[in-house]
Amino acid sequence: METASQQDNRRRRPRAAAPRYLFGSDMLRPTRLAYGLAVVIEVLEARGKGIAPLLAAADIPRFALEEPSFRIRVDQELAFIRGALAELATPEAGLLIGQRYTLALFGVLGLAASCAPSMRELFRMVPTFPELSWGAIGLSVWRATETDFVAFHPNMEVGDLAAFFVERDTAATLALFRQNLGANTTPTQVRFAHPEIGRAHV
């Protein structure tokens, strides 16, 4: 139980400023570049999994992966990812896949981002041009005092894949920061709304 003096001190204690919104985007677009699946395919092939049946089930032609401008529908991508997750059969798939993202994968967008004057401006490029990336859930960046926060927001469209995309995008964000700031770059805190899995891979 607080004493009157403790209550008075608590009232006088300055409140932390509310986080200030910096930028963001809902990210999801009706179509996306097919070669973005390359990261998922790398993980599948590293584990000896075939991709031809998964491509066929999602109605994605194999040559689409080699054509930089070939676009697929969101439902095709989601179908491929669901099949890939069933093949991988590991709860850490989102983290494993997210760690493989690099700026080079983003093509022109990655080249432009690499010329940004700061990491914040580099990161801003992704939600500014969502049609050139593979985001499927919302992304927002906030600032409170001297700390920046990145938040990912699942939507109805991704359905049962929400946890996968949150973990993939979290791991991908950390991978991009480490590629530009050093391998020892570590977030001060990571929190997930869904049940946690092993965090040793983050």
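Remember, it's a predicted structure, so these values are computed and weren't measured experimentally.

Participant: Would you mind showing me how to read the overall build of the protein here?
Facilitator: Secondary structure summary: the protein contains 8 helices and 5 strands in total. Mapped from its N terminus to its C terminus, the protein presents α and β elements in the order α-β-β-α-α-β-α-α-α-α-β-β-α. Here the protein, with 202 residues, has 42% of them falling under the buried criterion. In the protein, once contacts between residues fewer than 6 apart in sequence are set aside, the share between residues at least 24 apart is 72%. In the structure as shown, the protein presents an accessible area of about 11,500 Å², 56% of it carried by carbon and sulfur atoms.

Participant: How should I be thinking about the pattern of salt bridges in this particular structure?
Facilitator: Side-chain pairing between opposite charges can occur once the charged atoms of the two side chains come close. Enumeration over the complete set of coordinates arrives at 10 salt bridges. Measuring nitrogen to oxygen at the nearest pair gives 2.8 Å for the salt bridge that ties Asp 26 to Arg 29. Residue Asp 26 is classed as partly exposed on the basis of its relative accessible area, which comes to 49%. Asp 169 is the partner of Arg 168 in a salt bridge, and the nearest nitrogen-oxygen pair spans 2.8 Å. Overall, the relative accessible area of 4% leaves Arg 168 in the buried class. It is possible to trace a salt-bridge network through shared partners that takes in Arg 120, Arg 143, Glu 146 and Asp 148.

Participant: What am I meant to see in unusual backbone geometry here?
Facilitator: Negative phi characterises most residues that are not glycine, and trans characterises most peptide bonds. Unusually for a residue other than glycine, Ala 89 sits at a positive phi of about 50 degrees. Mapping Ala 89 onto the fold places it in the loop between α4 (74-88) and α5 (93-98). At Thr 145, a position not held by glycine, the phi torsion is positive, near 55 degrees. When you line up the elements, Thr 145 lands in the loop between β4 (138-144) and β5 (147-153).

Participant: Is there a simple way to explain helix α8 (residues 162-181) in this structure?
Facilitator: Taking 1.5 Å of rise per residue, 20 residues should cover 28 Å, and α8 covers 28 Å from first to last C-alpha, within 8% of that figure. When you tally the buried positions in α8, you get 14 out of 20 residues, the bulk of the element.

Calculation rules
Every chain is numbered independently, its residues counted from 1 as its sequence is written. The model is predicted, so local features are restricted to residues of pLDDT at least 70 and side-chain atom pairs to those at 80 or more, both for listing and for counting; the totals for chains, interfaces and linings are taken over all residues. The basis for the side-chain values is all heavy atoms of the structure; hydrogens and waters are excluded. Where helices and strands are cited, they refer to DSSP runs of H or I of at least four residues and of E of at least two residues respectively, numbered from the N terminus. Buried, partly exposed and exposed residues are distinguished by accessible area as a fraction of the type maximum, computed with a 1.4 Å probe on protein chains only: under 20%, between the cut-offs, and over 50%, respectively. We call two residues contacting when some pair of their heavy atoms lies within 4.5 Å. Computed by Shrake-Rupley with a 1.4 Å probe, the accessible areas treat only the displayed protein chains as cover when residues are assessed. The salt bridge definition used is simple: a Lys or Arg side-chain nitrogen within 4 Å of an Asp or Glu carboxyl oxygen. Between the first and last residue of a helix there are one fewer steps than residues, each counted as 1.5 Å, and that sum is the expected span.

The analysis is restricted to geometry; functional conclusions fall outside its scope.
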